[in-house]
Amino acid sequence: MQRRIFVGAAGAAAVTSFGIIGRAQAQAITLNGASQFNDEHPYTMAMQRFADLIKKYYNQPVNFTIHKNSALGLEKQYVEYMAAGKAVDFAVASPAHMSTFSKAAPFIDAPFLFRDLPHWKKVIDQDLFKPIADDIAKRAGVMLTGYGGGGVRNIFANKVVSNLAEMKGLKVRVQGAPIWSKTFAAAGMAPTVIAYNEVYNAIQNGVIQAGENEAAGVEQMKFFEVAPQLSMTQHAITIRPLCFSVKTFERLPQGLKDAVIRAGKEAGLYGGELESGSDDERLVTLEKAGKLKRITFADRAGMKKLVDPVMAAYAKEIDALAVYEKINAA
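Since the model is a prediction, treat every value here as computed from it, not as a measurement.

What counts and how
Residues numbered from 1 in each chain as written. Predicted model: local features only at pLDDT ≥ 70, side-chain atom pairs only at ≥ 80, totals over all residues. Heavy atoms only, no water. Helix = DSSP H or I, 4+ residues; strand = E, 2+ residues; numbered from the N terminus. Rg over C-alpha atoms; globule rule 2.2 N^0.38 Å. Buried < 20%, exposed > 50% of the residue type's maximum accessible area, 1.4 Å probe, protein only. Areas by Shrake-Rupley, 256 points an atom, 1.4 Å probe, with all protein chains shown as cover. Lys, Arg positive; Asp, Glu negative; His and termini not counted. Charge placed at Lys NZ, Arg CZ, Asp CG, Glu CD. Phe/Tyr/Trp six-rings, centres within 6.5 Å; stacked < 30°, edge-to-face > 60°. Core = buried A, V, L, I, M, F, W, Y, C linked by side-chain atoms within 4.5 Å. Contact = heavy atoms within 4.5 Å. pLDDT = per-residue confidence, 0-100. Axes fitted to C-alpha atoms, helices over the stretch in contact; angles between N-to-C directions. Parallel < 35°, antiparallel > 145°, perpendicular 65-115°, else oblique. Left-handed = near helix turned anticlockwise from the far one by under 90°. Nonpolar A, V, L, I, M, F, W, Y, C, P; charged D, E, K, R; others polar. Salt bridge = Lys/Arg side-chain N within 4 Å of Asp/Glu carboxyl O.

### A look at the overall build of the chain
Within the chain, the regular secondary structure consists of 12 helices and nine strands. On C-alpha atoms alone, the chain measures out to a radius of gyration of 20 Å, which is about the 20 Å that the 2.2 N^0.38 rule sets for 330 residues. In terms of overall dimensions, the chain has C-alpha extents of about 70 × 45 × 30 Å along its principal axes. Across the 330 residues that make up the chain, the buried fraction comes to 53%. If you sum the accessible surface of the chain, you get close to 14000 Å²; carbon and sulfur atoms cover 50% of it. For the chain, the separation between the mean place of its 39 positive charges and that of its 32 negative charges on side chains is 4 Å.

In structure tokens:
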């Protein structure tokens, strides 16, 4: 993949010196975003809002190219590109994909971290993740400019799972961060890490029986076609940071830096409102269309009880016990 040009239109002839901005103000900076999804997905919509707000707050020309539908790979690759300062300048990405750089990153939306959406919102409003965000910026070279997400994650499966007994031994796909495998194993399942774009085929071919996702992901990836039983475990509420490359940020003029910070926070909130507001509506629509069936999960409290010791040990291991305690107290 070609190295992204910081100045000029995407794909234009290379202008290698960022300093040319000062000599030719009419030449706009181009920032590249990446999304796994289409225009209608909350992540893509939040990124578009981010671009629009930057144009509003910055008084110089700036262009944006948002590469959609996994044109530049998956979120894991976006994080790697942002860390390297090439190809992708901004993206919405799961904290789990930052674990290669920062052990603390997946803690941001680990299972059973939030009691409910009001608790989720309060944690974000109080900026309780700042110590972890600082660690990610330092180790991964990725700034968390805003926090979106807000989707409640449940388990979609090709069989009915309504309690812990039926959950035992369930072959389920989890995200790549170790905390997901540990917590799901503690609940009695058989977790395995599989690339997001391979989950559908893995269920179809019997490699796994289930996965876990929020409504937008289930709808977008059509997981209901191979796993129509949606067990309402409500085991996590997503936080999907709107990320920006530190290396790109350091090269920007001060006015654009200020716009990125301001726009990131606002676009993150917008993305969270979109996803949390449409979560139940998406599931109702799919269920009415006969595409999935929501299954009441009777043992959420029991599942949480099994997972809590793993979460506490993990928080201690990554030096985030103080953050964990503040979240529980919020």
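### Regarding the packing of aromatic side chains
One pair of aromatic rings is described through two measures. These are the centre distance and the angle between the planes. Counted according to the given criterion, the structure contains 13 aromatic pairs. With a centroid separation of 5.9 Å and 75 degrees between ring planes, the pair formed by Phe107 and Tyr324 is classed as edge-to-face. With Phe107 in the loop between strand S3 (90-92) and helix H3 (117-125) and Tyr324 in helix H12 (residues 321-329), this residue pair connects regions lying 217 residues apart in the sequence. The same class applies to Phe107 and to Tyr324, which are both buried. Look at Trp180 and Phe184: their rings are 5.8 Å apart centre to centre, the planes differ by 45 degrees, and that puts the pair in the tilted class. One end of the pair is Trp180 and the other is Phe184, both in helix H6 (residues 178-186) and four residues apart, which spans about a single turn. Taken together, the ring pairs connect Phe37, Tyr43, Phe156, Tyr196 and Phe223 into an aromatic cluster.

### As for the nonpolar core
Counting residues in each nonpolar core, the largest one holds 63 residues, and the members touching the most others are Val88, Phe107, Phe129, Ile132, Ile136, Leu144 and Met189. If one sorts the elements of this core by residue count, strand S4 (residues 142-157) sits on top with six residues. Sequence-distant contacts of Leu144, defined by excluding residues within four places in its chain, comprise Met98, Ile108, Ala133, Ile136, Pro241, Leu242 and Cys243. Formed by 44 residues, the second largest nonpolar core is a distinct cluster that contains Tyr58, Val226, Val246 and Ala263.

### A few points about the confidence of the model for the chain
Summing up the model confidence of the chain, the mean pLDDT is 91 and the portion of residues at 70 or higher is 92%. Note that residues 1-25 has pLDDT below 50 and, in this model, 47 contacts with residues that lie over four places away or in other chains.

### Focus on the packing of helix H1 (residues 42-57) against helix H10 (residues 254-288)
A pair of packed helices is captured by two measures, namely the crossing angle of their axes and the spacing between those axes. Two numbers describe how H1 lies on H10: the axes approach to 8 Å, and their chain directions differ by 150 degrees. In terms of orientation, H1 lies roughly antiparallel with respect to H10. In this structure, H1 meets H10 at a crossing whose hand is right-handed. For the contact of H1 with H10, the per-class residue count stands at 15 nonpolar, two polar and five charged.

### Concerning the pattern of salt bridges
Tallied over the entire structure, the rule returns 13 salt bridges. Across the salt bridge formed by Glu219 and Arg282, the nearest N and O atoms sit 2.3 Å from each other. With Glu219 in helix H8 (residues 215-220) and Arg282 in helix H10, the pair connects residues that are 63 residues apart, well separated along the chain. The class for Glu219 is partly exposed, based on a relative accessible area of 29%. Between Arg294 and Glu287 there is a salt bridge, with the nearest N and O atoms lying 2.9 Å from each other.

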